[in-house]
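Chain residues, written in single-letter form:
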Amino acid sequence: MRINQYIASAGVTSRRKADELIAEGRVKVNGKKLTSPGYHVEEGDVVEVDGARVEPAARKVYYLLNKPAGYVTSTADKQGRPLVTELVPDSVRVFPVGRLDYNTTGLLIMTNDGDLANALMHPSKEFDKRYLVRAQGIVTRAEAARLEQGIDIGGFVTSPAEVSLLKHDRNSTLAEIVIHEGKNRQVRRMFDAIGHPVLELCRTGLGDLTIGKLAIGQCRKLSPAEVEGLKRAVR
Ligand code: URA
């Protein structure tokens, strides 16, 4: 098994991030720092990440987490902030699939299935990503239409999106937006571009999955049918 796949199936991090760990010199095989990301792990090899031995878990696990604000979507944080991994009570290590900002809440898949995670994160997989947004000020239909048509968020023009303006008070607007890409801080940058910074952001849906009634900070196992649905969607 290729080293990045081995690290991902141990639930340490995704395959892409595992490549970064190797490049940073944080991975050792049989006591020697690994230099080649193409290394294939052999029977009996001892693999260490940051000095701790890692081994692929015998079982694959799949969770849906309702991420609270104030949690980092990562398996480690130099600043010591709370991690989303701490919210999944399983003896098997999991990592997040994709990313939600520190202050974004909502739907996050957590797994130790590196293959599925990799496929889900691939840019060619255009899953609907549904967000509930509270934006500053009163967003007009014309402004929402700019978001729908595609908008320059600084060197990148977004692809068409769907926006529903749900309600507003004197100072803010509640809207739902569905996007099909996952650029860094995309929704926040889109609303910045129309002059209505995001005050609160929650991902409520990803493909066929929805956050439903799952309380903030809680996670649940994905059903076999849901896991199969994800696998089918990336096939
Ligand atoms: N878009 C953002 O701006 N932030 C997120 O966390 C997710 C999507």
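What counts as what
Residues numbered from 1 in each chain as written. Predicted model: local features only at pLDDT ≥ 70, side-chain atom pairs only at ≥ 80, totals over all residues. Heavy atoms only, no water. Domains from an automatic or database assignment. Salt bridge = Lys/Arg side-chain N within 4 Å of Asp/Glu carboxyl O. Buried < 20%, exposed > 50% of the residue type's maximum accessible area, 1.4 Å probe, protein only. Pairing = 2+ DSSP bridges. Helix = DSSP H or I, 4+ residues; strand = E, 2+ residues; numbered from the N terminus. Contact = heavy atoms within 4.5 Å. Phe/Tyr/Trp six-rings, centres within 6.5 Å; stacked < 30°, edge-to-face > 60°. Lys NZ or Arg CZ within 6 Å of the ring centre and 35° of its normal.

Attention now goes to the domain arrangement of the protein. Splitting the protein by domain gives domain 1 (3-53), domain 2 (62-124 + 209-234) and domain 3 (129-206). For domain 1 and domain 3, the distance between their C-alpha centroids amounts to 39 Å.

Counted by the stated rule, this structure contains twelve salt bridges. In this structure, the salt-bridge partner of R81 is D77, at a minimum N-O distance of 3.0 Å. Between R99 and D101 there is a salt bridge whose closest N-O contact spans 3.5 Å. Overall, the relative accessible area of 49% leaves R99 in the partly exposed class. Residue D101 is classed as buried on the basis of its relative accessible area of 13%.

This next bit is on the sheet that holds strand β2 (residues 32-33). Within the open sheet, the four strands sit side by side as β2-β1-β3-β4. Their pairing is antiparallel. On the outer flanks of this sheet lie β2 and β4 (52-53), each paired with one strand and no other. Where strand β1 (residues 27-29) and strand β3 (residues 47-49) come together, three bridges link them in antiparallel fashion. When the bridges of β3 are listed, K28 appears paired with E48.

Bringing the side chain of K129 into the picture now. With respect to the helices and strands, the residue K129 is situated in strand β8 (residues 129-136). In contact with K129, not counting residues within four places along its chain, are I177, V178, I179, H180, E181, G182, R203, G205 and L206.

Moving on, we get to the packing of aromatic side chains. All told, the structure shown has zero aromatic pairs when counted by the stated rule. Taking the ring centre of Y102 as reference, the NZ or CZ of R81 above it sits at 4.8 Å. Taking the ring centre of F156 as reference, the NZ or CZ of K183 above it sits at 4.5 Å.

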